[in-house]
Amino acid sequence: MSLLWLRVAVLLYGIAALAVLPAALYNRPRWRHVAVPAALAGAFFHFVSIVEMLYAAHRALPVDTHETLSMLALLLAAAFLLLTAKYRTVAFGIFLLPVVVLLTIVPAFRPGHETLAYPAIRTGWLLLHVALLLAAYAALFLSLIASLLYLIQERRLKQKLASPRRSWLPPLETTDQIALKALLFGLPCMTAGLLIGSVVALQTIGPTFFADPKVLLSLAMWVAYMLMIFIRQHSGLRGRRAVYLSSFVFLVVLAVWSANALSVVHRFKAP
Amino acid sequence: MSQINQSGTLLLLGVNHTTAPIDVRERLAIPISRLADATRTLAHQPGVREALILSTCNRVELLTVQDAPAIATSPPLGMMSFLHDYLNLPAADIQPHVYEFREREAIRHLFRVASSLDSMVVGEPQILGQVKQSWNVAREVGAISSMGALSSVLDPLLQRAFSVAKKVRTETQIGSSSVSIASVAAELARKIFGSLAGKTVLIVGAGKMSDLAAKHLIQQGATTLLVSNRTEARAEKIADSLRTPAITTGVIPFEQLHEQSHRADIVITSTGAGQVFMPDHARALLHRRRNRPVFFIDIAVPRDVAPEINKLEGCFVYDMDDLQQVAAQNQAVRSREAEAAEVIVSKEVARYSDRLSQAPAIAAFKQLQLSAEAVRQQELARTAHRLAAQPLTPEQQAAIEALTKSLTAKLLHSQLEALRETSPDPGDAISDSDGK
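As the structure is a prediction and not an experimental result, all values here were calculated from the model.

*Asks:* Before we go on, may I ask you to explain the overall build of chain A in this structure?
*Replies:* Counting its secondary structure elements, chain A contains eight helices and zero strands. If you list the helices and strands of chain A from N to C, you get α-α-α-α-α-α-α-α. Put simply, chain A has 271 residues, and 52% of those count as buried. The contacts in chain A between residues at least 6 apart in sequence include a share of 81% that link residues at least 24 apart. Accessible surface, chain A as shown: approximately 12,700 Å² in total, 72% of it carbon and sulfur.

*Asks:* Whenever I open this one, the packing of helix α7 (residues 126-140) of chain B against helix α8 (residues 154-171) of chain B confuses me. Can you help?
*Replies:* Between two packed helices, both the angle of their axes relative to each other and the distance between the axes serve to describe the pair. All names here are of chain B. Across the interface, α7 lies against α8 with an axial gap of 11 Å and an inter-helix angle of 160°. With respect to each other, α7 and α8 are oriented roughly antiparallel. Of the two elements, α7 crosses α8, and the hand of that crossing is left-handed. The residues of α8 that touch α7, namely those facing L128, V131, K132, W135 and R139, are D155, L158, Q159, F162 and A165. In terms of residue class, the contact of α7 with α8 is made up of six nonpolar, one polar and three charged.

*Asks:* Explanation requested: the interface of chain A and chain B in the structure shown.
*Replies:* How big an interface is tends to be stated in terms of accessible area lost as the parts join. Listed per partner, the contact involves 29 residues of chain A and 32 residues of chain B. Summing the contributions of chain A and of chain B, the shared interface buries around 2,500 Å²; its carbon and sulfur component is 42%. Across the chain A-chain B interface, the total number found is four salt bridges. Taken together, chain A and chain B are joined by twelve residue pairs in polar contact (both at pLDDT 80 or more). Among the elements of the structure, α2 (29-56), α5 (124-158), α6 (172-204), α7 (213-235) and α8 (239-258) of chain A are those that each provide at least two residues to the side of chain A that touches chain B.

*Asks:* In this structure, what is going on with the confidence of the model for chain A? I would like to understand it.
*Replies:* Detailed reading of the predicted model is not advised wherever pLDDT is low. The share of residues in chain A with pLDDT of 70 or more is 86%, and the mean pLDDT across the chain is 84. Confidence scores differ between elements of chain A, with α8(A) showing the lowest mean pLDDT of 83 and helix α1 (residues 2-25) of chain A the highest of 92.

*Asks:* Help me understand α7(A) in this model?
*Replies:* Each full turn of the α-helix corresponds to 3.6 residues, which orients residues three or four apart in the same direction. All names here are of chain A. An ideal rise of 1.5 Å per residue puts 33 Å on 23 residues; α7 measures up with 32 Å between its terminal C-alpha atoms. Considered for burial, the residues of α7 that qualify are K214, V215, S218, M221, A224, Y225, M228, I229 and R232. For α7, the secondary structure elements touched by its buried residues are α5, α6 and α8.

*Asks:* Got a minute to help me understand the sheet that holds strand β5 (residues 200-204) of chain B in this structure?
*Replies:* Remark on secondary structure: sheet strands pair via backbone hydrogen bonds, oriented parallel or antiparallel. Residue and element names in this part refer to chain B. Sheet architecture is open: six strands sit in the order β7-β6-β5-β8-β9-β10, paired in parallel fashion. The sheet terminates laterally at β7 (248-251) and β10 (315-319), the two strands that pair on one side only. Mean inter-strand twist for the sheet, computed between neighbouring axes without regard to direction, equals 15°. Across four bridges, strand β6 (residues 224-228) lies against β7 in parallel orientation. Along β7, the bridge assignment pairs T224 with T248. Where helix α10 (residues 208-219) meets the sheet, it contacts β5, β6, β8 (266-269) and β9 (294-298), and its direction lies at approximately 160° from that of β8.

*Asks:* Help me out: how do you make sense of the sheet that holds strand β2 (residues 48-55) of chain B in this one?
*Replies:* Residue and element names in this part refer to chain B. The four strands lie next to each other as β2-β3-β1-β4, forming an open sheet whose pairing is antiparallel. Strand pairing shows two members of the sheet lacking a second neighbour, β2 and β4 (99-102), which therefore form its edges. Direction aside, the axes of adjacent strands within the sheet are offset by 15° on average. Lying on the sheet, helix α3 (residues 32-43) is in contact with β2 and β3 (59-66); it crosses β2 at an angle near 150°. In this fold α7 packs onto β2 and β3, with an angle of close to 145° to the strand it touches most, β2.

*Asks:* Could you clarify how one ought to interpret the nonpolar core in this entry?
*Replies:* In summary, soluble globular proteins display a tendency toward joint burial of nonpolar side chains. With 75 residues, the main nonpolar core has F92(A) and Y225(A) as its most contacted residues. Of all elements in the fold, only α1, α2, α3 (65-87), α4 (93-109), α5, α6, α7 and α8 of chain A reach the threshold of two or more residues within this core. Counting residues per element, this core draws most heavily on α5(A), which supplies 17 residues. Apart from residues no more than four positions distant in its own chain, F92(A) is found in contact with F80(A), L83(A), L142(A), I145(A), A146(A), L149(A), P170(A), T175(A) and I178(A). Counting residues in hydrophobic clusters, the runner-up holds 65 residues, among them L10(B), F111(B), V153(B) and L154(B).

*Asks:* What exactly am I supposed to notice about the packing of aromatic side chains here?
*Replies:* Any pair of aromatic rings gets described here by the distance separating the centres and the angle formed by the planes. All chains considered together, the criterion is met by nine aromatic pairs over all chains. When the centroid spacing of 5.5 Å and the interplanar angle of 70° are considered together, the rings of F44(A) and F45(A) count as edge-to-face. We classify F44(A) as exposed; its relative accessible area is 51%. Centroid distance F141(A) to F250(A): 5.6 Å. Interplanar angle 35°. Geometry classified as tilted. Here F141(A) is found in helix α5, whereas its partner F250(A) is found in helix α8, with 109 residues between them in sequence. Aromatic rings pair up to connect W5(A), F44(A) and F45(A) into one cluster. In this arrangement the basic side chain of K132(B) is found over the ring face of F162(B), its NZ or CZ atom lying 5.5 Å from the centre.

*Asks:* How do you make sense of the pattern of salt bridges when you look at a structure like this?
*Replies:* Side chains carrying opposite charge are able to pair once their charged atoms draw close together. Residue and element names in this part refer to chain B. According to the stated counting rule, one finds 25 salt bridges over all chains in the structure shown. Ionic pairing is found between D93 and R27, a salt bridge with its closest N-O pair at 3.2 Å. Here the residue D93 occupies a position in helix α5 (residues 91-94), and R27 occupies one in helix α2 (residues 22-28), the gap between them amounting to 66 residues. Residue classification places D93 among the partly exposed residues on the basis of a relative accessible area of 35%. Of the residues examined, R27 reaches a relative accessible area of 41% and is grouped as partly exposed. Notably, a salt bridge pairs R108 with E105, separated by 3.6 Å at the nearest N-O pair. Here R108 pairs with E105, and both are found in helix α6 (residues 103-114), just three residues apart, close to one helical turn. Look at R108 and you get partly exposed, because its relative accessible area is 21%. Salt bridges sharing partners connect three or more residues here, namely R59, E61, R112, D118 and E342.

What counts, and where the lines are drawn
- Residues numbered from 1 in each chain as written.
- Chains lettered and ligands numbered in written order.
- Predicted model: local features only at pLDDT ≥ 70, side-chain atom pairs only at ≥ 80, totals over all residues.
- Heavy atoms only, no water.
- Helix = DSSP H or I, 4+ residues; strand = E, 2+ residues; numbered from the N terminus.
- Buried < 20%, exposed > 50% of the residue type's maximum accessible area, 1.4 Å probe, protein only.
- Contact = heavy atoms within 4.5 Å.
- Areas by Shrake-Rupley, 256 points an atom, 1.4 Å probe, with all protein chains shown as cover.
- Axes fitted to C-alpha atoms, helices over the stretch in contact; angles between N-to-C directions.
- Parallel < 35°, antiparallel > 145°, perpendicular 65-115°, else oblique.
- Left-handed = near helix turned anticlockwise from the far one by under 90°.
- Nonpolar A, V, L, I, M, F, W, Y, C, P; charged D, E, K, R; others polar.
- Buried area = accessible area lost by both parts, 1.4 Å probe.
- Salt bridge = Lys/Arg side-chain N within 4 Å of Asp/Glu carboxyl O.
- Polar contact = N/O pair within 3.5 Å; in protein donor to acceptor, adjacent residues only side chain to side chain.
- pLDDT = per-residue confidence, 0-100.
- Expected span 1.5 Å × (residues − 1).
- Pairing = 2+ DSSP bridges.
- Core = buried A, V, L, I, M, F, W, Y, C linked by side-chain atoms within 4.5 Å.
- Phe/Tyr/Trp six-rings, centres within 6.5 Å; stacked < 30°, edge-to-face > 60°.
- Lys NZ or Arg CZ within 6 Å of the ring centre and 35° of its normal.

In structure tokens:
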């Protein structure tokens with residue numbers, strides 16, 4: 001049943017991703033009235049699907065890449081809905097919703113049937129560790145998109161192309177605020193997520209987990225994240241250089257994600 | 001149009017910016033303080049049933065519903081005499097500039113006016129508010145019957161005009177862009193800063209255009225205004241003229257301009273002295289602002305702000321040509337959107353006219369239904385009285401109820417068909433009494 005809800009969610013996200021294009025690019029309110037409810041309904045069914053899937057699997061933890069990506073997609077959909085409600089702009093949906101569709105389409109049509117390798121680690125703390133880190137990744141991705149939108153809008157304004165037909169981009173100060181707020185939200189999530197993960201790993205595996213490549217890269221990611229916020233806050237970094245910085249940290253995050261293949265600590269599914 | 005004809009003829013008489021020069025419009029203009037009195041006077045003219053006056057800086061229009069004999073001449077003498085008597089203007093002075101629309105064309109004109117398609121600046125939003133104001137005044141003085149009154153023509157027509165105007169606003173981009181230099185500057189500032197609430201505007205130099213741009217920015221929410229001018233007394237005078245309880249103003253001595261200009265988010269320059277802000281000044285300014293964006297509006301010729309400043313990250317420089325170019329782009333967009341709006345208006349005029357055409361048939365059918373239902377109820381009551389000694393069971397009552405309803409519907413059917421044939425587009429307007 002959870003798969004059916006996930007497929008419904010993918011369909012709704014797909015509708016939202018298409019409808020958001022005329023809604024944002026051509027400022028058509030009718031399409032906005034399609035995109036936002038479709039995304040909202042998609043997020044609802046997505047949430048139901050994840051809860052049902054974890055309940056049916058008798059575990060509180062996504063154990064494979066598909067499940068984790070699906071959770072990340074739900075967070076991104078929630079971020080889109082929050083931005084729409086707070087800033088009255090659907091422009092972020094142009095980037096966020098297709099990513100949400102991509103992240104959910106594979107688990108919806110090629111699901112895994114994974115079980116936990118170590119029943120002893122069935123703990124809510126690990127779920128919190130994963131959820132907090134996914135929230136931090138989502139925040140970073142959002143910050144990167146906001147920085148990109150800032151860059152596009154800045155270029156348009158500098159090239160004197162500010163025609164109302166293409167006024168879909170949010171104001172510069174708004175995108176800048178969103179980028180910074182997303183990072184400031186992501187920092188405590190990442191810090192707490194890494195701390196919780198470290199404590200659980202210390203108790204389960206012992207101090208050797210510090211030698212795990214993924215753990216080492218995660219620490220590097222945290223340092224890069226901290227540095228990025230420090231630089232942005234203290235030098236008022238915006239525009240092109242902010243995009244470069246966000247992209248660099250995003251690459252580090254991708255490296256951390258890819259390090260799953262080398263990690264011994266982060267293998268939760270049974271062979 | 002038969003419903004209007006039954007209740008009178010719809011007639012619109014007026015002058016606007018395309019038909020009359022400003023000196024004629026000035027003499028015809030009715031200030032808001034006199035609008036109620038003028039509307040009442042017009043409504044009391046012989047043959048006038050309902051009346052409304054729309055008076056703005058670009059148009060004066062009299063919208064009336066009149067008896068047929070009163071409008072035999074064109075333009076109707078009653079309305080011309082109102083203009084002449086009320087405004088003390090010789091008819092010969094006005095007549096060459098007056099346009100006249102009747103019935104369907106009057107509806108079209110009203111819809112176009114309310115939708116801002118007939119405005120000097122197409123798409124400007126004020127006209128709808130002005131039409132609503134005239135409508136309110138006319139209702140208050142009793143020159144328009146309320147919506148419930150059977151004979152009311154103007155009330156439903158105006159309400160329709162408001163919804164058409166709303167439709168045009170929501171379905172087209174006609175009002176989405178600014179076309180004046182000052183409003184373009186304010187629109188650009190919003191693209192940079194979003195809300196202008198709490199923003200600081202610095203005026204460098206004195207000039208009408210910079211005052212106007214500053215006023216626009218203040219209207220959009222800017223709360224602090226700084227002025228810098230070579231003559232400090234002149235700067236103080238400008239600051240005083242723009243100060244309100246909600247606006248904080250201040251003067252920056254011209255020699256301290258570069259040290260203090262970082263306080264401003266938006267800088268409007270109009271000294272005409274040339275090269276007031278050079279790239280080095282802008283770099284220092286950005287450094288002091290910790291790279292927060294700054295918007296230079298350079299309306300001076302020769303330019304006060306070096307164009308290279310626009311290349312600095314966080315600096316946005318728009319000179320007079322740039323602003324005019326954006327205004328022209330916006331004007332072109334408005335023209336394109338106006339074509340789409342005209343299509344909406346034409347459809348709405350056709351729909352409204354059709355509804356009016358069907359009105360007599362619908363009214364006749366409703367009357368027929370009411371009469372038939374009254375007869376049916378009478379007969380049911382009579383039968384119930386006759387059977388008082390042996391009352392019917394609820395099932396029998398229900399059967400008789402259904403039988404009489406069915407008989408009534410079938411008897412009415414042929415008359416309904418006849419009415420349908422006489423109605424131009426009976427479609428969904430007339431249906432059988434049982435709802436089929």
